[in-house]
Amino acid sequence: MNYIYDIILNFNQEYYPFYEWKKSDNIINIRKILCFKIKDQDYLDLKNNKIIISEDFINKIKNASSIYLDDDLHNNICLVTNGKEAMGLAFNDQGNLIQRSSIIFDEEQEIIEESHHQKITNLKFIKNIKVIPKHIGRLEKEKRTYLNKYLNNLNETTDSITIKYLYYEYYEKEPTTNSIKKELLNTLKQEWNNKLDRLYQLVLLLNKVH
């Protein structure tokens, strides 16, 4: 392990590439932070899976970082790299991996270069539950979640006019069954397309009107 200085991190529950960061995210400026070089498989597990790491590791990183604006919500943080990629990690005191951060390209490259002569740290996972990554962008995921929540909150009796309107706008035909809300929800299982995007924009408009 070694220290990395002056780096920007953006912790989220899921890993988002830096080009998907938002201005509204809680981006923090790190003064110094520990960095560990680890095995390829450990890196992939940390990037995707539900992880609980050993108490020994938490003790190594606890309060070892320094943030320009003091924020004790991030007192168990570190960087990891496999010599090809790098990311930031945040754990709670029980060792649960709770947040991840990608790293701006230039800063990531510096970390990778500095890791070339670094010894590999062997990590001990208490739990490592496999999660199959969904290869969809952050914006698409947020749109799907928004649509799903809106449609589920519609009442098939009191909101029947709204449901029929959305159905017609999406399918460009009158509904022929009574399960039109279910049909609309099933559309969210498809790959994202222009019709779903138009439905999302329409729902945004309806929410503003109401």
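Everything discussed here concerns the structure shown above.
All values reported here derive from a predicted model rather than from experimental measurement.

1. Focus on the environment of Phe18
The residue Phe18 is located in the loop between β1 (2-10) and β2 (27-37) in this model. Judged by its relative accessible area of 34%, Phe18 is partly exposed. With residues near it in sequence (within four places) discarded, Phe18 still touches Ser102, Ile103, Ile104 and Phe105.

2. Focus: the pattern of salt bridges
Within this structure, the stated rule accounts for 9 salt bridges. Of the charged contacts, one joins Glu14 and Lys141 as a salt bridge, the two residues approaching to 1.8 Å between their closest N and O atoms. Here Lys141 lies in helix α4 (residues 138-153) and Glu14 lies in the loop between β1 and β2, a separation of 127 residues in the sequence. Glu142 is the salt-bridge partner of Arg138, the closest N and O atoms lying 3.3 Å from each other. With Arg138 and Glu142 both in helix α4 and 4 residues apart, this pair spans about one turn of that helix. Judged by relative accessible area, Arg138 falls into the buried class, the value being 7%. Several salt bridges share partner residues, and in doing so they unite Lys22, Asp25, Arg138 and Glu142 into one network.

3. Examining the packing of helix α5 (residues 160-171) against helix α6 (residues 180-187)
It is the contact of α5 with α6, at a shortest axis distance of 10 Å, that shows an interaxial angle of 45 degrees. On the basis of the axis angle, α5 is oblique to α6. Handedness of the crossing formed by α5 with α6: left-handed. Taking contact as the criterion, the partners of Ile163, Lys164, Leu166, Tyr167, Tyr170 and Tyr171 in α5 are, on α6, Ile180, Lys181, Glu183, Leu184 and Thr187. Residues that form the contact of α5 with α6 fall into these classes: 7 nonpolar, 1 polar and 3 charged.

4. Focus on the packing of α4 against α6
Here α4 crosses α6 at 170 degrees, and the two axes come no closer than 10 Å. Taken together, the axis directions place α4 and α6 in an arrangement best described as roughly antiparallel. Of the residues in α6, those in contact with Asn148, Leu151 and Asn152 of α4 are Lys181, Leu184 and Leu185. Taken together, the residues of the contact of α4 with α6 break down into 3 nonpolar, 2 polar and 1 charged.

5. What to know about the packing of aromatic side chains
Evaluation of the coordinates by the stated rule reveals 7 aromatic pairs. Where Phe18 meets Tyr19, the ring centres are 6.0 Å apart and the plane angle is 70 degrees; that geometry is what we call edge-to-face. Pairing Tyr170 with Tyr171 gives two aromatic rings, centres 4.8 Å apart and planes at 80 degrees, and the pair type is edge-to-face. Since its relative accessible area comes to 4%, Tyr170 is described here as buried. Judged by its relative accessible area of 26%, Tyr171 falls in the partly exposed class. The structure contains a cluster of three or more aromatic residues connected by ring pairs, namely Phe36, Phe57 and Phe91. Here Lys32 stacks its cationic end above the ring of Tyr3, 4.6 Å away from the centre of that ring.

Reading the values: the criteria
Residues numbered from 1 in each chain as written. Predicted model: local features only at pLDDT ≥ 70, side-chain atom pairs only at ≥ 80, totals over all residues. Heavy atoms only, no water. Helix = DSSP H or I, 4+ residues; strand = E, 2+ residues; numbered from the N terminus. Buried < 20%, exposed > 50% of the residue type's maximum accessible area, 1.4 Å probe, protein only. Contact = heavy atoms within 4.5 Å. Salt bridge = Lys/Arg side-chain N within 4 Å of Asp/Glu carboxyl O. Axes fitted to C-alpha atoms, helices over the stretch in contact; angles between N-to-C directions. Parallel < 35°, antiparallel > 145°, perpendicular 65-115°, else oblique. Left-handed = near helix turned anticlockwise from the far one by under 90°. Nonpolar A, V, L, I, M, F, W, Y, C, P; charged D, E, K, R; others polar. Phe/Tyr/Trp six-rings, centres within 6.5 Å; stacked < 30°, edge-to-face > 60°. Lys NZ or Arg CZ within 6 Å of the ring centre and 35° of its normal.

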